[in-house]
Amino acid sequence: MFRLSLKMTLSRRGRLLLTSLAIILGTSFLSGTTIFSDTINSTFDRLFTDVFRDVDAYVRSTDSVDTGFGDQRAPSPISALETIFGVEGVSAAVGDMQSYARVINKDGKPLGEDQGPPTFGGIASESSAGLWSVEDGRLPVGPEEMMLDRETAEKGKFEIGDSVRVNALSGTREFTLVGIANYGDVSSPGGATFALFDQPTASEFLLKPGFVDAFLIKGDGTLSDEELAEAIDAALPADAKLETLTGAEITEETTSQIKIVLGFFTAFLTAFSFIALGIGCFVIYNVFSITAAQRQRESALLRAIGASRRQVTVSLLVEALIVGLIGSVIGFITGIGLSQALSALLNAIGLEIPTKGLTINTDAIVQTVSIGTLITILSAILPALRSGRVPPLAAFQDTALDTVQKLTRRVAIGLVLIIAGAVALIASINGASVTILGLGVLGVFAGVLVLGPALSKPIAMLLGKPVAMLRGVTGAMSQQNAARNPKRTARTAAPVLIGVALVTAFTALAASVKNEIRETIGSSFRGDYALSVNSRGFGGIPVSVTDQIDQLNEVDQATGVGFIAAKVGDESPFVLVFNPKTSKDLYDLEMLSGKQSDLKKTEILVEADKADEKNLKVGSSLQVTLVDGRSILMTVAGTFKDAYGNYAFSRELFEDSTSPLFDSFVYIKVAEGVNDESARTAISAISSDLGIGTLESRDEYIDTQAAQVDQFLALIYGLLFLSVIIAIVGIIITLLLSVFERKREIGLLRAVGMTRSQVRTMVRWESVITSLFGAVTGVVLGILTGIVIVVSLNESGFSAFTLPIVNTLYILLGAFVIGVIAAVFPAWRATRTEIISAIASA
Amino acid sequence: MSQTTQKIDPPNIAARADSASKIYGNGESEVRALDNVSVSFERGKFSAIMGPSGSGKSTLMHCIAGLDSLTKGKVFIGETDLSGLSDKEITKLRREKVGFVFQSFNLIPTLNAHENITLPLSLGKSKGDKDWIQQVIDTISLNDRLDHRPSELSGGQQQRVAVARALATRPEIIFADEPTGNLDSKSGGDILKFMRRAVTDLKQTIVMVTHDAVSASYADRIVFLSDGHVAGEMTNPTPEKVLDYLKHLGE
C-alpha cells in the first residue's frame, strides 16, 4: 500500500506541485527567520569572542542598574590601575571605554545614521591588554590627537593628518587624525564607529576626568584566568566597589546581554513566521480537502476492489508525508534566500543589524522540516479520514461535488468561541491582564474562522450582486461559483481574512498611537522650536549645549529633557530628567499635584496612575539607586499626567555625578521680535557646530515624532507581506483546482457560446469576490481588535481610538487587486479547457 | 473512397462537410477518425448520424458544430466556412447559430432552469425573442419548474431543459449527441418526440448522433458512418429497416 500511494503521489505532478507550494511558502519564512536569527547571534558571538580573546581578567564597578536591556554601570577611577599593576601575575592592564562619541563628517553631518549601529569613543593604548592595534600611523598622544577604526576612516574618507571633529559629552572638538586602528581581526566591530584617544583625553572628553568604564588585564601566564581574577579581587580595596571577572565571564555576559535584546527582536520575527505558517496551514488543509473530494472516485474504486478504510486513509496520509517532506526541504532552502531579503527589509526601513556571512545550524533544518511535515500531516488528517469513509459504491456514481453541509454545529461552536472571546475582551477593557486580552482576540479570531463557512455564502452573494448586475450572466456565475461551496470559499478566504485583520488592526493601532503622540507632545511642548536627536538612549545633546542655546540672545528660553536608567523602588525604569528652572512655559508635565518648577535635587515626580498603583502621595519617600552608585531616599514632590516616563528627576541630581547626562531633545522659545530666519540661524550655528541634532519648528517636530510610528508599521507590513503572498497563492491553488473540477462545466459553457474572455472574466470575479469576502470580514475584525486593544491599554498611554479610513480603503483596494492577480493564471488555464474532452468525459 | 450522399439544393443546406478529414497522431500511430467525408444536412429536417463505436460519428458532429477543427477539408454552417474563423468568431457562431444537446451534464448547476435555457442569449447580452422562448418552454411543459436548479430536476426534465436551451436562440442547426443515452426509455421517448415536434411544428433543423435504432427512426434521414467513411444513408427510416441495414453493414 505504501508503494502504491508513493506511485499515486508522484504520478500527479500538478497536485504535488500545488500542495508543496503551500508548504514551501509556509515553511520558508520560518526557516528564513531562524537562519537570520542564527546568523545575527553567531555574528555577535564571534565578535565578542574576538574582542575579549586576549583579555584574561576584567575589572569594573559593582554599581549598576539593570535596565532590562543589559546593565548600566558606574565608571571606575583610573587610580585603581596602580593596584591592579601591583598584583602578581598581571603582565599588562589598561583602562577601557565605550562611551558616546560621534564623528562629524567632512560635510558637517554626523557619520552614520541616527538609527544605525552605535557610535563610540574609546581608549587607544600601546598596552598589550588593549583591544586596538595600530594598522597605520601611530597612537594618539595628548588632548589634540585621535585614531579612527579603519572602516570609519574609509567611510568618511579621512586620511592621517586630517583634522576630525568629534561630538561627545563635553561638546564638539577638533582633533588631528594620527592613526588608523583595527579591532582584533576586524576593521570595525559590528559596523560601529570608533573614535580613539589616549586615556586622559578619553576620560576628560567622553566621561569625566580620572574615570574609565572598566579595566582590561592580561596575565603573564603563571596563573589561570580564575586564579588571576581572584588575586586581583583580593588586592582591590573593599570600599572601591570594584569586581573582577575572567575573560570568559565578560565574553559570556556581554554576549548574553546582546542576546536579550536580539531575543526580543527574533521573538518578534518568529511570531510573524508562525502567522505565515498558520496561514499556510489553511492553504494546505484546503488543498487536501479539495483533492480528497476530487479523488473520491479513486478512493471508492480502491475500496471496491478490496482496500480497507484504513488503507485508503493511510494512503492519503502517506501522500501528505511525502509532500510535507519535499515541501519543507524546499521551503528550508528558499528560507536561506528569504533571510537575506529580511536583512534587506530591515536595512530599507533603517533598522540595520550587522550580520556577517550566513549561519545555518542543523537545528534550523530539523526544526523547519519537522514542523513543516507535521503541519502537513495534521492538515491532511481530516480529509484523509473523510476519504476513508467513502462508500465503495461512489465509484460508480457521479462525484458529488456540491454537497450541502450542515452548519448548525459549526455555527454553535463559532458563536461560543466568539462570545467567550468577547467576554474576555470586555474583562480586559475593565482592567484584566494583557494575557486575557490576547486570549480574547484569539477566541474571536478562531470563532470567526469557524463561522466562516456560514458567513461565506451570504456575504459572497451580497458582494457578488454588483458583479452580477454589471457583468450579466458571466458575473452571476462568478457570484454563484464563489458561493456554491461555502466551506471552500471560507477556507480560501481565511488567509486573506487573517492578513487583512492584522494589517487593519496594526494600522488602526498606529493611527491611534500617532494621534496620542501628537496630543501628548502638543500639550506638553509649548515652545517654538525643538532640537532633537534620535539616538536610542545612547548619547544625545550634551547638556552644556542646551545651556549654550539658552544663553543665545535670540532665545528667550531653552530647556532640555533626557532619560537615565535608575532603580526606583523595585523597578528599573528610564527616568525623565529635566531642568525645573528653565522648563517653565516650555515643557509642561501637566502636574496634578505639586509644582514642576519647585522640584529639588533629591525630590522625584511620579506619574499619576503610577502613584495610584504604588500608593504614593506628595511627601511619600521612595528609595532610588543611581548608576553612579548613589542610593538616595527621595521625596515625592508631585504627580503628573502621563508623558514619556513614569518618574521624573531634576537635572540638578546629576551635577556632580560620574554618570554622563545627555538631553534627548531641547525645546526652545525664541525671544520677542526675533523672526524665524534669525532664530534658526542662531540656533543652527550651535547645533551644526555640534554636528548632531535636528532643528524643527513646533509643527515639524510633532510631525516627525508621530511619523516614527510609521517605521514600525513599515516593518509590520513588510513582515506580513509574505502572509499576503501565501494568501494569493492559496487563492491561485483553490481556483486552479476549482477550474479543474469544473472542467465539464467550462467546456459546456464554451460549447454554448461563452468566449474565452468571458471565461476569464468569470474566474476573475469569483477570485475577487472570494478575496473581498476575506478582506471585508478581516477589516471588521481588525477594526474591532484595534478598538479593543486601544481601549484596554488605555492606562498605558492610549486615550482615543483613531479609525484610519483612508488606509482601510487602501486595504480593501489591495484585496481587490489580490483577487485580480490571483485569478490570472487559473483564468488562463480555464480558457485552455478543451471543449471536446471536457464534454466527452462522461 | 467516398460515397456521395443525397443531393440537396444549396439554399436548403443548414450545414455541410466537404472532403472532411480528421487525423490523430502521425506515421505508424496515425488514426483517421474522418477520412474524406462529404455530407450535407437539410434545413428543416431531423437527421441522424449512426454508426458503431469509433466510426467517427461524434467527431463528424464536433467538427461540423465548430467544437473541433478538421485536419483537412471544410465545414459550413449555412454559408459560413468555419475553417477561416477565429476562436472568438466560432464561439459567437456557436452561441447564435448552433444549438447543443449532450448526452449528460448539459446544464450549469449554479443556474436555474430558466437561466440555463436563456444562457446562450445572456452570454451574447441579448434578450432574445420572448414569445419564441415562451413557446419553447410551453412545448417542453416545464413552466412550473423554471426556477429549479438542475439538481432538483429529474434526468428527463434536465434533458428537456437542454433541448429548450438549444432552441432558445432559434439557431440554424441543433446538434444532439446521444441525447437519450442516459435516460430510461419513457423519458427518452419524450425527448425524441419533443425533438420531432421541434422540427415538424417549429421548423427547426436537428442533427442527432446515436447508435440506437429506435432513436434514429424518429429522424427523416439517417447517414451511416463506418471507419471514418460515409457508409450509406436511408430516408424515412423505421426501427426494423435500420436494424436490418446495420446487420448488413456489419457483414
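That block above? That's the structure.
Residues numbered from 1 in each chain as written. Chains lettered and ligands numbered in written order. Predicted model: local features only at pLDDT ≥ 70, side-chain atom pairs only at ≥ 80, totals over all residues.

Novice: Tell me what's going on with the pairing of strand β26 (residues 665–670) of chain A, and back it up with residues and numbers.
Specialist: Residue and element names in this part refer to chain A. Across the six residues that make up β26, a large majority, five, are buried. Pairing of strand β16 (residues 529–532) with β26 involves four bridges; the strand directions are antiparallel. Across the sheet, L531 pairs through a bridge with V666, a residue of β26. Relative to β26, strand β18 (residues 555–568) runs antiparallel, the two sharing six bridges. Within β26, the position partnered with A558 by the bridge is I668. (Buried ≥ 20, exposed ≤ 12 C-beta atoms within 10 Å, placed from the backbone. Helix = DSSP H or I, 4+ residues; strand = E, 2+ residues; numbered from the N terminus. Pairing = 2+ DSSP bridges.)

Novice: Provide a residue-level description of the nonpolar core, including the pertinent values.
Specialist: All names here are of chain A. Core analysis: the largest hydrophobic core is formed by 259 residues, its most contacted members being V59, L196, I217 and I733. Look past the residues within four positions of I733 in its chain and what remains in contact with it is L18, L21, A22, V283 and V287. Counting 53 residues, the second largest nonpolar core, distinct from the first, contains A558, F574, V636 and F640. (Core = buried A, V, L, I, M, F, W, Y, C linked by C-beta atoms within 7 Å. Contact = placed C-beta atoms within 7 Å.)

Novice: Provide a residue-level description of the interface of chain A and chain B, including the pertinent values.
Specialist: Taken together, the contact pairs 22 residues of chain A with 24 residues of chain B. Broken down by secondary-structure element, the contributors of at least two residues to the side of chain A that touches chain B are α12 (434–484), α18 (743–751), α19 (756–792) and α21 (835–840) of chain A. Looking at the side of chain A that touches chain B element by element, the count peaks at six residues for α12 of chain A. Split into classes, the residues belonging to the side of chain A that touches chain B amount to eleven nonpolar, six polar and five charged. (Nonpolar A, V, L, I, M, F, W, Y, C, P; charged D, E, K, R; others polar.)

Novice: I'd love a proper account of the sheet that holds strand β14 (residues 214–219) of chain A, names of residues and values included.
Specialist: All names here are of chain A. If you walk across this open sheet you meet the four strands as β5-β14-β1-β15, and the pairing is antiparallel. With one partner strand each, in any of the chains shown, β5 (90–96) and β15 (242–246) form the two edges of the open sheet. Across the sheet, the axes of successive neighbouring strands diverge by a mean angle of 20°, strand direction being ignored. Pairing geometry for strand β1 (residues 57–61) and β15, over five bridges, is antiparallel. Residue pairing across strands places R60 opposite E243, the latter belonging to β15. Helix α6 (residues 225–235) rests against β1, β14 and β15 of the sheet, and its axis sits at about 170° to β15. Sheet strands in contact with helix α7 (residues 247–294) are β1 and β15, and its direction is about 95° off that of β15. (Axes fitted to C-alpha atoms, helices over the stretch in contact; angles between N-to-C directions.)

Novice: Can you explain helix α20 (residues 805–831) of chain A? Please cite residues and give values.
Specialist: Residue and element names in this part refer to chain A. Between the first and last C-alpha of α20 there are 38 Å, a value that for 27 residues agrees with the 39 Å anticipated at 1.5 Å per step. The axis of α20 is deflected most strongly, by about 40°, at V824, and proline P826 appears within four residues downstream. Of the positions making up α20, those classed as buried are T808, I811, A815, I818, G819, A822, A823, P826, A827 and A830. Check the buried side of α20 and you find it contacts α13 (486–524), α17 (698–741), α18 and α19. (Expected span 1.5 Å × (residues − 1). Bend = angle between axes of the 7 residues up to and from the residue.)

Novice: Run through the environment of L225 of chain B, naming residues and quoting values.
Specialist: All names here are of chain B. Within the secondary structure, L225 is located in strand β9 (residues 221–226). Sequence separation between L225 and F46 is 179 residues; the distance between their C-alpha atoms is 17 Å. Sequence-distant contacts of L225, that is, excluding residues within four places in its chain, are made with I49, G51, S55, G56, K57, L60, V230 and A231.

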